[in-house]
Amino acid sequence: MDATHNDVTAGPHSVPVRVWDWPTRLFHWALALCVVGAVVSAKVGGNAMEWHFRLGLAVLALLVFRLIWGVVGGRWSRFASFLYAPSTLLRYVRGQARPQEMLDVGHSPTGALSVFALLGLLAVQVATGLVADDEIANTGPLIRFVESATSLAATSWHKSWGQWLLLGLVGLHVLAIVVYRLVHRRDLVTPMLVGDKPLPPEVPASADHAGRWGLALVALSLGVALALWVRAQGG
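Residues numbered from 1 in each chain as written. Predicted model: local features only at pLDDT ≥ 70, side-chain atom pairs only at ≥ 80, totals over all residues. Heavy atoms only, no water.

1. Focus on the pairing of strand E2 (residues 196–199)
At step 1: Only one face of E2 is covered, namely the one carrying Lys197 and Leu199; the face carrying Asp196 and Pro198 has none of its residues buried.
At step 2: The pairing of strand E1 (residues 15–18) with E2 spans 4 bridges and is antiparallel. Across the sheet, the residue bridging to valine 17 is lysine 197, located in E2. (Buried < 20%, exposed > 50% of the residue type's maximum accessible area, 1.4 Å probe, protein only. Helix = DSSP H or I, 4+ residues; strand = E, 2+ residues; numbered from the N terminus. Pairing = 2+ DSSP bridges.)

2. Let's talk about unusual backbone geometry
Apart from glycine, the bulk of residues carry a negative phi angle, and the bulk of peptide bonds sit in the trans form.
At step 1: Positive phi, close to 50°, is recorded for methionine 102, a residue that is not glycine.
At step 2: Within the secondary structure, methionine 102 is located in the loop between helix H3 (86–93) and helix H4 (109–130).
At step 3: One non-glycine residue with positive phi stands out, namely arginine 185, at about 55°.
At step 4: Assignment of secondary structure puts arginine 185 in the loop between helix H6 (161–182) and helix H7 (189–194).
At step 5: Residue classification places arginine 185 among the exposed residues on the basis of a relative accessible area of 64%.

3. Quick look at the pattern of salt bridges
At step 1: Scanning the model with the defined rule gives 7 salt bridges in all.
At step 2: For arginine 54, the salt bridge goes to glutamate 50, with nearest N and O atoms at 3.6 Å. Taken together, the positions of arginine 54 and glutamate 50, both in helix H2 (residues 49–72) and 4 residues apart, correspond to about one turn of that helix.
At step 3: By relative accessible area, which is 40% here, glutamate 50 ends up partly exposed. (Salt bridge = Lys/Arg side-chain N within 4 Å of Asp/Glu carboxyl O.)

What follows is the structure in structure tokens.
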């Protein structure tokens, strides 16, 4: 694939354009840390499982935030900006994207697949963990709301297929970042740290100011409230 066919960032007159707002960037790195911590604590087991449950609830709060922020967040963080038709994905993969589509500003069509897959799988992992029972010492806080067979099935998924699929998707995500860096000479990490990308000046920027941060805080508060309610159900 010829990346220059898709790369709206190419050009001598590029300027820094805010693509990833502060809430999106904080969500991204907080989610990464929580997922890594949850995986490590599960592998350690024992007393570390308390942290596994805490981090799982943190992931729940972050997912609720991202769901809300995907509707009301910055221009390039909204789901509407990276919900692509199959034909658009196919043209992108073939290197036939149209410049006016600006497919490489935020999440590209292939990147969007990764994002939705990760968010969906994390939601399933959190949901199954909330009703899981390891039949030793740990049960999810919502286990009393489901039948025993449902809990056992959820536990099996959480500890087997769900775990390995999640690790596989995370690995593919990291691999894609490396490939884009080495093959296409495109840095995907720095924009997620600083927020800006070098783009043509006509590319619309994401709003990123105090008013938006207040809205993000409300969204996060709703996520935290749900996580605390879930935790309270465990007694």
